[in-house]
Every structure is written in structure tokens, then in C-alpha cells.
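Survey of secondary and tertiary structure
Each chain is listed here by its residues.
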Amino acid sequence: MRAVQVVSFDGPAAVVVREVAAAEPGPGEVVVEVRAAGVAYPDLLHTRGLYQERFEPPFTLGGECAGIVASAPDRSRFAPGDRVVAMVRHGAFAGCVAVPEFLVQPLPDEVSFVQGACLPVNYLTAHHALCGRGALAAGETVLVHGAAGGIGTATVQLARALGARVVAVTSSEEKAALARRVGAHDVVGAASFREDVRALTGGEGVDVVVDPVGGDRFTDSLRCLRSPGGRVLVVGFVGGSIPTVKVNRLLLTNTDVRGVGWGGPAFGVPGFVTGQWDALLPHLRAGALDPPVAEVLPVDRVADALAALDDRRALGKLVLHF
Ligand SMILES: NC(=O)c1ccc[n+]([C@@H]2O[C@H](COP(=O)([O-])OP(=O)(O)OC[C@H]3O[C@@H](n4cnc5c(N)ncnc54)[C@H](OP(=O)(O)O)[C@@H]3O)[C@@H](O)[C@H]2O)c1
């Protein structure tokens, strides 16, 4: 089968598309024939060996896909021919992938393979952030950094579906338009978000900040929180640096900084992802979770997709088709 492989940690341009042996299922694993695979920021980090979990080259890239069950273990929830999504630590950018059954979820007929491929990493991370770690309540206000990116668009849509008011932070007019299209009530600029949030909330601040960017925005995110009770959710560090917190601010304002690590429970706790997926399905079927697809590319153009994330050009989600 064809697969996208990292053969050295030299970045997106160094990945190769080549023939490898077909995926062999281990005990309890489902084999999924991949139709579409989502490209996410962690894939980019993997090409440089910079992700927190590092695999030694050569390895097949890709953390999420949508496709058709080719084979399933005895007494499985799935049967050959079922439409599914699947998530893996790596290996989804391939003709087929073997996945533990608890990481495979049913894809409703009304959701295309391309849309399905956009869902696992971003929407399940958004769910873990907002519902698991953030304890978001309907009527609260959420500020979303990187709101035109993969995690950002998913978070905007899910927060709105859960009844929150959503304020998006973006760095360009094009990205602002996308954030509005996916459901943000208000959009503010990355350079002025602190003042803009103050104006939009009558000085009250927001209940929740979802931050996949980090870097020098972090302190201003803390200053945007409602006191008492506001919380910043730490999701990622695309901005480059890992921020530090002067904890006296948390004491003085009765606010929280909470880490959001989806991979740990998703891959380590059987049943965790199924519970999340079941919670998302009604919103998916209602059309509230409709991932914006930036581009669908043939697998041979994987380096272009990774470069778009690297250069901060992506408007929504990039998808590879097989
Ligand atoms: N915690 C978890 O469990 C978990 C799970 C999945 C992913 N993540 C992390 O979440 C982060 C976001 O992933 P993603 O797939 O949403 O990425 P993405 O699609 O590339 O979006 C990131 C957004 O961040 C903004 N940004 C600000 N500074 C940037 C910079 N220097 N370079 C690139 N983008 C910058 C951009 O928006 P503007 O240009 O509008 O600012 C961009 O749209 C990554 O760090 C990823 O590893 C965490």
C-alpha cells in the first residue's frame, strides 16, 4: 500500500510517499481502508521530531482518517463495509491502517469521508477542552485564539452549539471572515484582543479562553478573564514559546489555568473517545459541526499541506484523499 513516511527529521519537504507492507491487525484491531485523512499541526511537528511523543524514522505519518472497515475482530461493533472514522498515534496517511477498536467510531451516512477526516483530532480535543477541562456552561463567553485554524474552527463551532457566546481571535481579514462563517459571534484582532474583549464585554471579561497559540499572548489572555471564575485552557503552542504564569494573578483574581491534553485519555482510556463521539453525534447530525475544508489534496501533495500549516496560510482544515 502507499504511505506517507517520515524518513528523517528534516521537515515537511523531506517526507516521502512510497510503497510499504499492508497494515496487519493486532488482537482487537479493526483494519480501515482510508478514503480521506486529516492533516493537523502535530503531523508537522512529527516531521521535525518536535512533538512531545517522538517516533523513530521511518514511520508513517497521520493521526486521523475516515474510511471503510476492511476487517474487524470477533464480536466487534463493526463489520466490513461500515463507514467509520479512526484515530491513531501515527499511520493514518496510508492506504489502510490497523486501529484498536475503541479508537474507531461510526461515521453517519450524511457526513462525507472528507468531513469525517476533519473530525477526530480537532473536534474531540475541542470537546475535551470545553466540556471536560473547561466545564463550559450555556450562556458563558468563550475567547478562541487561532480561530481560523483546525482546533480553532472546531472550538468555535462546538462552543456555539453548546450555547456559548464566541469571540474569535484571528490575524487577518480572510481568517476573520472564516471565523464568522463557522459561527463566531464577534471577531477581534490578534494585536488588540485584550482591549477589544474589554469593550465587547463591558469590562467584565470572558469566562473561558481556549489557547492553542501560547507565546506572548498568554498574559493578555489571563487579563481577559472574568473574575472570579474565569479559566484559560492551554491547548498548544503554535506561537513557538511555552508561556510562564505569575501565579499571584490567579490568587488575586480567583481564576484558573487548566491544561488540556486529549491524547492521554483518548489513547489510554478505552471508552473515553466513544463517550465523546456519542456526545458530538447529535450536533454533527444537526449540522452544527460542519468542518470548514481549506483544500482536499491528493496524497502526493502532502508536503504542500504541511507547508500551509507551517506558513500559517491554512484557512480551515487540510485533507488528503486516497
Ligand atoms: N492539547 C491537545 O490535546 C491538542 C490536540 C491537538 C492539537 N493540539 C495543538 O493545537 C495547536 C493548534 O493546532 P491546529 O491544527 O489548530 O493548527 P492550525 O490549523 O495551523 O491553526 C493554528 C492557528 O494559530 C494561529 N497562529 C498564531 N501564531 C502562529 C504561528 N506562529 N504559526 C502558526 N499559526 C499561528 C494561526 O491563526 P492566526 O494567524 O489567525 O493567529 C493559525 O490559524 C498545535 O500546537 C497542536 O499541536 C493540541
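Residues numbered from 1 in each chain as written. Predicted model: local features only at pLDDT ≥ 70, side-chain atom pairs only at ≥ 80, totals over all residues. Heavy atoms only, no water.

1. Some points on the site of the ligand
Around the ligand, the structure places 24 residues, and the nearest of them are Gly 150, Ile 151, Ser 171, Lys 175 and Val 260. Interatomic distance of 3.4 Å between a backbone N/O atom of Tyr 41 and an oxygen atom of the ligand. In the environment of the ligand, an oxygen atom lies 3.1 Å from a nitrogen or oxygen atom belonging to the side chain of Arg 217. The fraction of the free accessible surface of the ligand (910 Å²) that becomes covered by protein chains is 90%. Per-class residue counts for the shell around the ligand are twelve nonpolar, nine polar and three charged. (Near = heavy atom within 4 Å. Polar contact = N/O pair within 3.5 Å; in protein donor to acceptor, adjacent residues only side chain to side chain. Areas by Shrake-Rupley, 256 points an atom, 1.4 Å probe, with all protein chains shown as cover. Nonpolar A, V, L, I, M, F, W, Y, C, P; charged D, E, K, R; others polar.)

2. What to know about the domain arrangement of the protein chain
Interface size is commonly expressed as the accessible surface area that is lost when the partners come together. You can read the domains of the protein chain as domain 1 (2-119 + 291-321) and domain 2 (122-259). Contacts between the two partners involve twelve residues from domain 1, matched on the other side by 14 residues from domain 2. Taking both sides of the interface into account, the surface hidden between domain 1 and domain 2 amounts to around 1,100 Å²; carbon and sulfur atoms contribute 58%. It is Pro 292, Arg 312 and Leu 315 that lose the most area in domain 1 upon contact with domain 2, and together they represent 46% of the buried surface on that side. Across the contact surface, domain 1 and domain 2 share zero salt bridges. Inspection of the domain 1/domain 2 interface yields three residue pairs in polar contact (both at pLDDT 80 or more). By residue class, the composition of the side of domain 1 that touches domain 2 is eight nonpolar, one polar and three charged. (Domains from an automatic or database assignment. Contact = heavy atoms within 4.5 Å. Buried area = accessible area lost by both parts, 1.4 Å probe. Salt bridge = Lys/Arg side-chain N within 4 Å of Asp/Glu carboxyl O.)

3. Describing the packing of aromatic side chains
Taken as a whole and assessed by the stated rule, the structure comprises two aromatic pairs. With a centroid separation of 5.9 Å and an interplanar angle of 65°, the aromatic rings of Trp 262 and Phe 267 are classed as edge-to-face. Each of the two residues, Trp 262 as well as Phe 267, counts as buried. One residue, Arg 83, lies across the ring of Phe 113, its end atom 4.5 Å from the ring centre. (Phe/Tyr/Trp six-rings, centres within 6.5 Å; stacked < 30°, edge-to-face > 60°. Buried < 20%, exposed > 50% of the residue type's maximum accessible area, 1.4 Å probe, protein only. Lys NZ or Arg CZ within 6 Å of the ring centre and 35° of its normal.)

4. Looking at the UniProt feature "domain: Enoyl reductase (ER)" (unreviewed entry) in the protein chain
Per the UniProt entry, the sites bearing "domain: Enoyl reductase (ER)" (unreviewed entry) are residues 11-320 in this numbering. Summarising residues 11-320: 31% helix, 24% strand, and an end-to-end C-alpha distance of 18 Å. (UniProt positions renumbered as here; feature names shortened; annotations may be inferred. Helix = DSSP H or I, 4+ residues; strand = E, 2+ residues; numbered from the N terminus.)

5. What to know about the side chain of Glu 101
Considering the arrangement of structural elements, one finds Glu 101 in the loop between strand 7 (96-100) and strand 8 (104-106). We note that Glu 101 is buried and unpaired, the nearest opposite charge coming from Arg 77 at a distance of 4.0 Å. In contact with Glu 101, not counting residues within four places along its chain, are Gly 28, Glu 29, Val 30, Ser 76, Arg 77 and Phe 78. (Lys, Arg positive; Asp, Glu negative; His and termini not counted.)

6. What to know about the packing of helix 3 (residues 120-133) against helix 4 (residues 150-161)
The contact between helix 3 and helix 4 brings their axes to 8 Å, and the two run at 55°. Taken together, the axes of helix 3 and helix 4 lie oblique to each other. Note on packing geometry: the crossing formed by helix 3 with helix 4 is right-handed. In this structure, helix 3 uses Val 121, Asn 122, Tyr 123, Thr 125, Ala 126, His 127 and Leu 130 to contact helix 4, whose residues at the interface are Gly 150, Ile 151, Thr 153, Ala 154, Thr 155, Gln 157, Leu 158 and Ala 159. (Axes fitted to C-alpha atoms, helices over the stretch in contact; angles between N-to-C directions. Parallel < 35°, antiparallel > 145°, perpendicular 65-115°, else oblique. Left-handed = near helix turned anticlockwise from the far one by under 90°.)

7. Some words on the environment of Asp 74
Note on placement: Asp 74 falls in the loop between strand 5 (64-71) and strand 6 (83-87). For the pair Asp 74 and Glu 29, spaced 45 residues apart in sequence, the C-alpha separation works out to 9.8 Å.

8. Details of helix 10 (residues 272-285)
Across its 14 residues, helix 10 extends 21 Å between first and last C-alpha, which sits within 8% of the 20 Å expected from 1.5 Å per residue. When the local axis directions of helix 10 are compared, the greatest deviation, roughly 30°, occurs at Ala 279, which is followed within four positions by the proline Pro 282. Among all positions in helix 10, only Val 273, Thr 274, Gln 276, Trp 277, Leu 280, Leu 281 and Leu 284 are buried. Against the buried residues of helix 10 lie strand 6, strand 8, helix 3, helix 4 and helix 9 (263-268). (Expected span 1.5 Å × (residues − 1). Bend = angle between axes of the 7 residues up to and from the residue.)

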